[in-house]
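Each chain, written out:
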Amino acid sequence: MKKHLESLSYKMQQWMQGRYGNDELSRFLYHVSLALLVLSLFSPLRFLYIPTIALMLWSCIRCYSKNIGRRRRERETYLKVIGSILSWFRLQKDRWRDRKTYRYFRCKGCRAPLRVPKRKGKIHVRCPKCHQEMDAKT
């Protein structure tokens, strides 16, 4: 039995060679499709069944695809979008944590968030990203 399982494992490894495999986007699509599947079990939301199957199929197609370049570009786009969403939430968390001691505003040049101490009056600030200088009222 052990030799049979080893042989099966070896055949699976050979079959997966040259294929893209599982990544963050595939797992995300799979989890969303599972959540939609649970929602589609309820009678008024039966219309969610078809998008659920489509997401599951797309997740499987991505895993077994041999077009590695395209899958990498899709993953990079996904990570870029998720990264921007997560950074916005991190900024909101930091703003809430620092609400009593710091004031946040955006650079006029590059729109980067800047943090300055409160109750210092009017101060001269230089953006660390684009090096543009500006005056800020705290």
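For the structure, see preceding data.
What comes next concerns the included structure. (Residues numbered from 1 in each chain as written. Predicted model: local features only at pLDDT ≥ 70, side-chain atom pairs only at ≥ 80, totals over all residues. Heavy atoms only, no water.)

A full pass over the atoms with the stated rule returns eight salt bridges. A salt bridge links Glu 74 to Arg 71, with the nearest nitrogen and oxygen atoms 3.0 Å apart. Here Glu 74 and its partner Arg 71 are both found in helix α4 (residues 68-97), three residues apart, which amounts to about one turn of the helix. The pair Glu 74 / Arg 71 is uniform in exposure class, with both members buried. Among the ionic contacts, a cluster of salt bridges with common partners joins Asp 23, Arg 62, Arg 70, Arg 71 and Glu 74. (Salt bridge = Lys/Arg side-chain N within 4 Å of Asp/Glu carboxyl O. Helix = DSSP H or I, 4+ residues; strand = E, 2+ residues; numbered from the N terminus. Buried < 20%, exposed > 50% of the residue type's maximum accessible area, 1.4 Å probe, protein only.)

With 16 residues, helix α3 (residues 49-64) should reach 22 Å at 1.5 Å per residue; the first-to-last C-alpha distance of 23 Å fits that figure. Looking at the buried side of α3, the elements it contacts are α1 (2-16), α2 (24-40) and α4. (Expected span 1.5 Å × (residues − 1). Contact = heavy atoms within 4.5 Å.)

Moving on to α2. Here α2 is 17 residues long and its end C-alpha atoms lie 24 Å apart, about the 24 Å a rise of 1.5 Å per residue gives. For α2, the complete set of buried residues consists of Leu 25, Ser 26, Leu 29, Ser 33, Leu 36 and Ser 40. The buried side chains of α2 occupy one side of the element, clustering within an arc of 95 degrees when seen end-on. (Arc of directions from axis to C-beta.)

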